[in-house]
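So the chains spell out like this:
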Amino acid sequence: MGGAERPFRTVLIANRGEIALRVARTCRDMGIRTVAVHSTDDRDSPVVRYADAAVQIGPAPARRSYLNMAAILQAALGSGADAVHPGYGFLSENPDFAEACLASGLTFIGPSPAAMRRLGDKSAARRLMAQAGLPLLPGTLEPTGSLAEAESAAAGIGYPLIIKAVAGGGGRGMRVVRRAADLAHAYRTTRAAAQTLFGDGRVYLERFLPHARHVEIQILCDAYGGALHLGERDCSVQRRRQKLIEETPAPGVPAGTLERMCAAAIAGARAAGYSGAGTFEFLVDPAGRFFFMETNCRIQVEHPVTEMATGIDLVREQIRIAAGLPLSLSQQDVRPRGAVIECRVNAEDPDRDFAPAPGRLAGFAPPLGPFIRVDTHAFPGYRVPAAYDSLLAKVVVWAPDREQAVARMRRALAEFQVAGVATTIPFLRRVLDDPEFVRGGHGTDLADRLLGRPDGAP
Amino acid sequence: MSAPHGNGDGPPALAGPRHDSAHERGDGDTLGAVRETALQVLGALPHPPSALRIQVGAVTLELDWPVNAAPQGAPPGPASPAAPAAGAADHIGAVSVGVFYRAPEPGAEPFVREGSVVAAGQQVAIVEAMKLMIPVTATRACRIVRALVEDGSAVEFDQPLFEIAAAGA
């Protein structure tokens, strides 16, 4: 592959924080000009200086800047961009935005609006994946219309079960129900919460697996039916269904199970007509059975785990696929090596129930050394805004095996100096010292158990 | 669809005067002192700020004012490569990223000229964003000193469009 390959002249990066900077870096590697957008609160964000051009698109509230489609499209057209990379979060999985980009003559770096719609609606996605032969957790395929309907469905599913908002995500809009007596209350409150949070009160029911592992498959698909997988990521360390630590290979999951999950992810992507980088999320129970959860139609926070293990730049592949190029590699070229762990460092106070901790970084010295990657937009003196997500940095380490990777991550977190705001580093260090995590036998209930919340219910 | 694992449109974490949470925990005296200091500082200001930040370790005190409402002599905001003149002078800023037009249509009289005295709420220009004509209005009665941007050029959100002065000045 030649270094002179340049599928786009200018890419506008419709995001902020570490992912905006990370996308800008790959664009520079590819010789593509970049345009950053930023709110008034993000004027001193490094991507503003790093990109070839920057446009201030609105005030701090995301609704008026990073979620303001008209402002972003105006910035793209006014700055001569020919493509838009949405990063993660914000507009990255919004089919209307993808459609608006296309209507404005811009390439959206992501799947087609139709594929996003097919996979974005959880009920529709479950139906489609069931048709494609993916195993689903026992549950309702269609949203439950009434409490009576939910009660009869629950009797068939069994307890514990989880009520999920069709439009939910990111750990919000779901509730675990342990006994039939609690169903009515939980059903009503989840519906009300979903209506308030997402403007869509539809919910569905699913069996809840208390000690399951969260394992996901990274895929790449081109527009010509080419599809391959890049192995798995275990994201079982979660606090209220927000990921804290991700790793590959998934410890303790049989190779046969992983192979079948990879094949299932590719079958699912084909059924959805997917193109670009995407992720199929599964739950794996202690017996090694796996169940499809959902698809993420975007680059993910934890994508460096896969990049470190495979040596493949996922953003570069996204850009090439969006430009209409066929996949540049085949399944045989994907050979994950060693063990990789990623820790998310957030400006949150673990001692105060992970309350966001905005403020100025009096000091910031990320870890260095062999086989360590830190993706961050922070620097000494940086002001962590209160208006956005609290992700400060991602520390990713590679080692030949998991034991060495855990040791390296312990060393990296011990080196990481952040002064001025509270961070999740002390809690991450507790997880890395936990015997169950060290053994690799943990499930999604680990973090809540460490916090003295064995239920793990939000 | 999974929501943002990373970025999102979260609500502001702490409302009102913010303080460094690292120093707050288990120290009611510090918190009390911070509150008292905040009230004193706010009481002594001629114009209420949009944000007040107090850090106790290594002592930091920061105040922010909205750029448009910056009182005379207020400290300018952080220098921005995007909007170099922001905060440096009294001005009317762009309401959106878009294209700046001084007149309602090509060839027509501009909304205002240098020296025009305008009332609060009076339209002074248009910013066009995605075929949407967004009126730019004066936030208070003032005199237009000069236009800072060429007619028809691209502007960013909050970019100063007109330098203004008090109506009688």
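Residues numbered from 1 in each chain as written. Chains lettered and ligands numbered in written order. Predicted model: local features only at pLDDT ≥ 70, side-chain atom pairs only at ≥ 80, totals over all residues. Heavy atoms only, no water.

1. A word on the overall build of chain B
Part 1 of the reasoning: Across its full length, chain B carries two helices and eleven strands.
Part 2 of the reasoning: Of the regular secondary structure in chain B, the N- to C-terminal order runs β-α-α-β-β-β-β-β-β-β-β-β-β.
Part 3 of the reasoning: Looking at chain B as a whole, 38% of its 169 residues qualify as buried. (Helix = DSSP H or I, 4+ residues; strand = E, 2+ residues; numbered from the N terminus. Buried < 20%, exposed > 50% of the residue type's maximum accessible area, 1.4 Å probe, protein only.)

2. What to know about the packing of helix α4 (residues 95–103) of chain A against helix α5 (residues 113–120) of chain A
Residues and elements named next belong to chain A.
Part 1 of the reasoning: Packing of α4 against α5 brings their axes to within 9 Å, and their N-to-C directions diverge by 175°. Considering the angle they form, α4 stands roughly antiparallel to α5. Taken together, the residues of α5 that come into contact with α4 (itself represented by Pro95, Asp96, Ala98, Glu99 and Leu102) are Pro113, Met116 and Arg117.
Part 2 of the reasoning: The residue inventory of the contact of α4 with α5, partitioned by class, reads five nonpolar, no polar and three charged. (Axes fitted to C-alpha atoms, helices over the stretch in contact; angles between N-to-C directions. Parallel < 35°, antiparallel > 145°, perpendicular 65-115°, else oblique. Contact = heavy atoms within 4.5 Å. Nonpolar A, V, L, I, M, F, W, Y, C, P; charged D, E, K, R; others polar.)

3. Concerning helix α8 (residues 183–198) of chain A
Residue and element names in this part refer to chain A.
Part 1 of the reasoning: With 16 residues, α8 should reach 22 Å at 1.5 Å per residue; the first-to-last C-alpha distance of 21 Å fits that figure.
Part 2 of the reasoning: Every buried residue of α8 is accounted for by Leu183, Ala186, Tyr187, Thr190 and Ala194. Relative to the axis of α8, the buried residues are bounded by an arc of 100° and lie together on one face. Seen from the open side of α8, the exposed residues pointing more than 90 degrees away from its buried face are His185, Arg188 and Thr196.
Part 3 of the reasoning: Buried-residue contacts for α8 involve α7 (147–157), β6 (161–169), β7 (172–177) and β8 (203–207).
Part 4 of the reasoning: Phi turns positive, to about 70°, at Gly199, one or two residues after α8. (Expected span 1.5 Å × (residues − 1). Arc of directions from axis to C-beta.)

4. Digging into the confidence of the model for chain B
All names here are of chain B.
Part 1 of the reasoning: Averaged over every residue, the pLDDT of chain B is 70; the share at 70 or more is 51%.
Part 2 of the reasoning: Counting contacts from residues 68–88, a segment whose pLDDT is below 50, to residues more than four positions away or on other chains yields 22 contacts.
Part 3 of the reasoning: Interface predicted TM-score (ipTM) for the complex: 0.78; the corresponding pTM is 0.82. (pLDDT = per-residue confidence, 0-100.)

5. Looking at the packing of α7(A) against α8(A)
Residue and element names in this part refer to chain A.
Part 1 of the reasoning: For the pair α7 and α8, interaxial distance at closest approach is 10 Å and the crossing angle is 125°. Judged on the interaxial angle alone, α8 and α7 are oblique. For α7 against α8, the interelement crossing comes out right-handed. In this structure, α7 uses Leu147, Ala150, Glu151 and Ala154 to contact α8, whose residues at the interface are Leu183, Ala184, Tyr187 and Arg188.
Part 2 of the reasoning: Taken together, the residues that form the contact of α7 with α8 break down as six nonpolar, no polar and two charged. (Left-handed = near helix turned anticlockwise from the far one by under 90°.)

6. Brief notes about the sheet that holds strand β4 (residues 83–85) of chain A
All names here are of chain A.
Part 1 of the reasoning: The sheet built from five strands is open, its strands ordered β3-β2-β1-β4-β5 with parallel pairing. Strands with a single pairing partner mark the edges of an open sheet, and in this sheet they are β3 (53–58) and β5 (107–108).
Part 2 of the reasoning: Where strand β2 (residues 33–39) lies against β3, five bridges are found, and the strand directions are parallel. Residue pairing for β3: Ala36 is matched across the bridge by Ala54. (Pairing = 2+ DSSP bridges.)

7. Here's the deal with the pattern of salt bridges
All names here are of chain A.
Part 1 of the reasoning: One pass over the structure, following the stated rule, counts 36 salt bridges over all chains.
Part 2 of the reasoning: For the salt bridge of Glu294 with Lys122, the shortest nitrogen-to-oxygen distance reads 3.2 Å. Here the residue Glu294 occupies a position in strand β13 (residues 290–296), and Lys122 occupies one in helix α6 (residues 122–131), the gap between them amounting to 172 residues.
Part 3 of the reasoning: Residue Lys243 pairs with Glu216 through a salt bridge whose shortest N-O separation is 2.9 Å. (Salt bridge = Lys/Arg side-chain N within 4 Å of Asp/Glu carboxyl O.)

8. As for α5(A)
All names here are of chain A.
Part 1 of the reasoning: Considered for burial, the residues of α5 that qualify are Pro113, Ala115, Met116, Leu119 and Gly120. Buried residues of α5 fall within an arc of 160° about the axis and therefore sit on the same side.
Part 2 of the reasoning: In this structure, the buried residues of α5 make contact with α4, β5, α6, α9 (255–272) and β13.

9. Focus on the packing of aromatic side chains
Residues and elements named next belong to chain A.
Part 1 of the reasoning: Overall, the coordinates contain eleven aromatic pairs over all chains when judged by the stated rule.
Part 2 of the reasoning: Centre to centre, the rings of Phe282 and Phe290 are 5.5 Å apart; their planes meet at 90°, and the pair counts as edge-to-face.
Part 3 of the reasoning: Between Phe282 and Phe292, the ring centres sit 6.2 Å apart and the planes meet at 75°, which makes this aromatic pair edge-to-face. In this pair, Phe282 is assigned in strand β12 (residues 276–284) and Phe292 in strand β13, connecting sequence segments ten residues apart. (Phe/Tyr/Trp six-rings, centres within 6.5 Å; stacked < 30°, edge-to-face > 60°.)

10. A few points about the nonpolar core
Residue and element names in this part refer to chain A.
Part 1 of the reasoning: Leu12, Ile57, Ile219, Phe280 and Phe282 are the most contacted members of the largest nonpolar core, which totals 55 residues.
Part 2 of the reasoning: Looking at this core element by element, the count peaks at eight residues for α9.
Part 3 of the reasoning: Residues contacting Phe282, with those up to four places away along its chain left out, are Leu134, Arg213, His214, Val215, Ile217, Met261, Ala264, Ala265, Phe290, Phe291, Phe292 and Met293.
Part 4 of the reasoning: In this structure, Ala357, Ala405, Ile425 and Leu446 belong to the second largest nonpolar core, which totals 39 residues. (Core = buried A, V, L, I, M, F, W, Y, C linked by side-chain atoms within 4.5 Å.)

11. Details of the pairing of β6(A)
Residue and element names in this part refer to chain A.
Part 1 of the reasoning: Across the nine residues of β6, eight count as buried, placing the element largely inside the fold.
Part 2 of the reasoning: Two strands pair when backbone bridges link them, and β6 and β7 are joined in this way by five bridges, in the antiparallel orientation. Looking at β7, one finds that Gly169 is bridged to Arg172.
Part 3 of the reasoning: Bridging between β6 and β8 involves five bridges; their strand directions are antiparallel.

12. Some points on the sheet that holds β12(A)
All names here are of chain A.
Part 1 of the reasoning: If you trace the eight strands from one edge of the open sheet to the other, you get β13-β12-β9-β10-β11-β14-β21-β19, paired in antiparallel fashion. Looking at the sheet topology across the chains shown, the edges are occupied by β13 and β19 (372–376). Averaged over all pairs of adjacent strands, the angle between strand axes in this sheet comes to 25°, irrespective of strand direction.
Part 2 of the reasoning: Across six bridges, the pairing between β12 and β13 is antiparallel. Directly across from Leu283, in β13, lies its bridge partner Phe291.
Part 3 of the reasoning: Each of β9 (213–221), β10 (227–239), β11 (242–248), β14 (339–346), β19 and β21 (391–399) is contacted by helix α10 (residues 303–310), which is oriented at about 25° to β21, the strand it contacts most.

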